[in-house]
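Summary of structural features
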Amino acid sequence: MEVKGNPVMDRMVEFLQSFLALGPTVILPVAIFLIGIAFGQKIGKAFRSGITIGVAFVGIFLVVDLLVSNLGPAANGMVDRFGIELNVIDVGWPGAASMSWASPIAAFIIPLGLLVNVIMLATNTTRTMNVDIWNFWHFTFTGAIVYTISGSMIQGLIAAVLFQIACLKIADWTAPMLRDYFDLPGVSVATGSTVSYAPLGIPLVKLLQKTPVIKNWNADPDSIQRRFGVFGESIFMGLFLGIGLGLLAGYPFGETIQIGMAMAGVMVLMPRMVKILMEGLTPVSESAREFLKKKFGQKDIYIGLDAAVAIGHPSVISTALILVPITVLLAVILPGNNVLPFGDLATIPFIVAFIVGAARGNIVHSVIVGSILIALTLYMATDIAVIHTEMAVNGQFNLPEGTNLVSSLDQGGNLINWVIWKVFAIFN
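Residues numbered from 1 in each chain as written. Predicted model: local features only at pLDDT ≥ 70, side-chain atom pairs only at ≥ 80, totals over all residues. Heavy atoms only, no water.

1. Observations concerning the overall build of the protein chain
- Helix and strand counts for the protein chain come out as 17 helices and six strands.
- Classification of the 428 residues of the protein chain by burial places 57% in the buried group.
- Restricting to contacts in the protein chain with at least 6 residues of sequence separation, those with at least 24 account for 82%.
- Counting only carbon and sulfur atoms, one obtains 66% of the accessible surface of the protein chain, whose full area is about 17,800 Å². (Helix = DSSP H or I, 4+ residues; strand = E, 2+ residues; numbered from the N terminus. Buried < 20%, exposed > 50% of the residue type's maximum accessible area, 1.4 Å probe, protein only. Contact = heavy atoms within 4.5 Å. Areas by Shrake-Rupley, 256 points an atom, 1.4 Å probe, with all protein chains shown as cover.)

2. Here we look at helix 5 (residues 106–122)
- Between its first and last C-alpha, helix 5 extends 25 Å over 17 residues, near the 24 Å set by a 1.5 Å rise per residue.
- Within the span of helix 5, buried status applies to Ala106, Ala107, Ile109, Ile110, Gly113, Val116, Asn117, Met120 and Leu121.
- Immediately beyond the C-terminal end of helix 5, within one or two residues, lies Asn124, with a positive phi of roughly 60°. (Expected span 1.5 Å × (residues − 1).)

3. Some words on helix 17 (residues 415–426)
- Taking 1.5 Å as the rise per residue, helix 17 with twelve residues should run 16 Å; its terminal C-alpha atoms sit 17 Å apart, in good agreement.
- Where helix 17 is concerned, the buried positions are Ile416, Asn417, Ile420, Trp421 and Phe424. The buried side chains of helix 17 occupy one side of the element, clustering within an arc of 130° when seen end-on.
- On its buried face, helix 17 is in contact with helix 6 (137–150), helix 7 (153–180), helix 8 (192–195), helix 15 (363–383) and helix 16 (385–394). (Arc of directions from axis to C-beta.)

4. Things to note about the environment of Val332
- Following the sequence through the fold, Val332 ends up in helix 13 (residues 314–333).
- In the structure, Val332 is positioned 246 residues away from Leu86 in sequence and 8.3 Å away in space, judged by C-alpha atoms.

5. Some thoughts on the pairing of strand 4 (residues 302–305)
- Of the two faces of strand 4, the one lined by Tyr302 and Gly304 and the one lined by Ile303 and Leu305 are each fully buried.
- Of the strand pairs in this sheet, strand 3 (residues 187–189) and strand 4 are connected by three bridges, and their pairing is parallel. Among the inter-strand pairings, Ser188 is bridged to a residue of strand 4, identified as Gly304. (Pairing = 2+ DSSP bridges.)

6. A few points about the pattern of salt bridges
- In this structure the tally under the stated criterion is two salt bridges.
- With its nearest N and O atoms 2.7 Å apart, the salt bridge here joins Arg179 to Asp180.
- The salt bridge partner of Lys422 is Asp383, with a shortest N-O separation of 3.0 Å. Within this pair, whereas Lys422 is found in helix 17, its partner Asp383 is found in helix 15, the two being separated by 39 residues in sequence.
- Residue class for Asp383 comes out partly exposed when judged on its relative accessible area of 34%. (Salt bridge = Lys/Arg side-chain N within 4 Å of Asp/Glu carboxyl O.)

Coordinates in, geometry out; function isn't part of it.
Right under this line is the structure:
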């Protein structure tokens, strides 16, 4: 049966898109409220937790928007200023997400993803209860890519589930890091673009930490502050790095100061929003932990949230700001790369969050490892560009004017997605 064009399927996809259009600030509070009730919380307490988390995410996404709306144009200004021309355009995660939800398999991903998560919790194969439903689009992307090359709905759904399982297992593995370094107890992150950098990034960080000479290269916020005093505080780090980015972009004086102030604001505001988040999440986490311990003997459960909760650390923002011009430079000098970094330059904080956590905030080690992995990402995004573009055309995505090929760093250059795509390509 041909799925595409099926009226029932079209209505399901339309409903799914309408639901997701509500955004995490609506979806997450509802999910947290229902989880709280399911785990025995009183209605009032569960409702308060849901609303508090919703308010926290309103604040978090306001700060993320402040970051993206300033960082994105500055990064693109650098690309224009230096006249870089490559034939594959990075459409960014918004483009990749819209292509994903336009796929015929999209209607199945949320119910299937929730079912898989419940089964894994019940069988003790994961400790992460992933309520970050919006970011299920990463699973959808992998499924859609495999559906594009195979024409098989079954293969596409299997690919999506494989991606989800990988994300949940990495989320379990990295949850202690979120607790110890980011001060997020009871939280894990299963966001596809962030977790994909852990399997290579964390071992590379550990290697640097054991490499003679390099292991002594240290620049974390505490050591910077000790060396530079008040000017080493995170607020000044954001200011100075933002000004540096504005200068590289060729901004006039006023706009350069503006982006510096915006980055200083991100450094200060994001950690405060995360504190509000934890105020709402802690009661739910404790209830879930007690319930599962009583019913299944599990000692811990993690609530899976958007990677935005981890990007506010000063070391993450600092590393990302340094990596923006490095990414543009790598795109120019790497032989065989055809991707012009564009839409996803502003999402580099999400890409490097786990690397920074593994490096315990050492910005030097984080930038070195981040540069290596972004180089690999550019190659993977180049490799998948033809299929990525075919998926875009099938989803009636409007290609940028004058562009024949598109890709994305976020998901097109995603290691887990790339490996799954390659495995399925062998049989199709």
